[in-house]
Amino acid sequence: MKDVKELLRKASPGGRPQPLAYRDTTLWVGAWDTDTIYAVDPSTWKVVDEVGAPGRPYGIAVTGNEMRVVVSLGADDDRYLYRFVPGKGFDEARKTPCPDFTGSHLAWYDGTLYLAQLGLRRIVALDERGAIAREIALPTHCGGIGAGAGAFYIISADEEFDNLTLATLDVGVAAPQAVTLASLNPEARALAYDGKAWWTSYREQNEIVSFEV
């Protein structure tokens, strides 16, 4: 199995980064230590905007002119789906609970928002109200999901959450199987595609990495 080709590695603008999203020419980074969403210019690595999140950000996806963010709230770690508009911030009026109050990584693929629920070993397709439209059993553990180059991708991991790989997952079939493309660093969490390359977070190393297969 081949490794991915690392293109860029930079210090995260906030400690313990996880969720990533790419919109236009901006990389959006969610950091756990600061509960903040940072907008970063990848060409200069300057923070061009930062917005405090209502809680710990777990997943981000671009949905047209808006974004959706999974946020953990309260001592029970309940997960909520927020509407986020760049330049305006989080919309508290549009906050909806994630199914079973759990979920992390997000991906927007072919007009549908997908939410990974790691503890339940599934990915769910959500309708416009945030309710489950379809449930997809995960064939492996999951460290991130993303959409790019016309396909749905997953960071796949074994039972011990080791041996991470980048794989495609055909969510159009009833029981999709992960098709491995390359091995990944064991710290990799989250996926975002900028049209040419992928981005992931090395969360515990406080780094953001760009790579290609």
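Keep in mind that this is a model prediction, so the values were computed, not measured.

1. Points about the sheet that holds strand 11 (residues 112–117)
- The 4 strands lie next to each other as 10-11-12-13, forming an open sheet whose pairing is antiparallel. Edge positions in the open sheet fall to strand 10 (106–109) and strand 13 (132–137), since each of these has one partner strand only. Put simply, the sheet's adjacent strands are angled 25 degrees from each other on average, direction ignored.
- When strand 11 meets strand 12 (residues 122–126), the two strands line up antiparallel, connected through 5 bridges. What sits directly across from Gln117, in strand 12, is Arg122.

2. Describing the nonpolar core
- Formed by 16 residues in total, the largest nonpolar core has its most connected members in Trp28, Met67, Phe84 and Phe90.
- Contributions of two or more residues to this core are made by strand 4 (36–41), strand 6 (56–63), strand 7 (66–73) and strand 8 (78–85).
- The biggest single contributor to this core is strand 7, with 4 residues.
- The next biggest cluster of nonpolar side chains, apart from the first, holds 14 residues, and it includes Ala116, Ile136, Leu138 and Ile154.

3. Considerations on the pairing of strand 8
- Among the 8 residues that make up strand 8, 7 are buried, leaving the element largely enclosed by the rest of the structure.
- Of the pairings in the sheet, the one linking strand 7 to strand 8 comprises 7 bridges and is antiparallel in character. Within strand 8, the position partnered with Val71 by the bridge is Tyr80.
- Hairpin connection between strand 7 and strand 8: a loop of 4 residues separates the two successive antiparallel strands, and Gly74 in this loop has a positive phi of roughly 75 degrees.
- The sheet contact formed by strand 8 and strand 9 (residues 89–97) spans 5 bridges and is antiparallel. Paired with Val85 across the strands is Gly89, a residue of strand 9.
- Connecting the antiparallel pair strand 8 and strand 9 is a turn made up of 3 residues, with Gly87 showing a positive phi of about 90 degrees.

Quick notes on the rules
Residues numbered from 1 in each chain as written. Predicted model: local features only at pLDDT ≥ 70, side-chain atom pairs only at ≥ 80, totals over all residues. Heavy atoms only, no water. Pairing = 2+ DSSP bridges. Helix = DSSP H or I, 4+ residues; strand = E, 2+ residues; numbered from the N terminus. Axes fitted to C-alpha atoms, helices over the stretch in contact; angles between N-to-C directions. Core = buried A, V, L, I, M, F, W, Y, C linked by side-chain atoms within 4.5 Å. Buried < 20%, exposed > 50% of the residue type's maximum accessible area, 1.4 Å probe, protein only.

Honestly, that's just the spatial picture; any functional story needs more than this.
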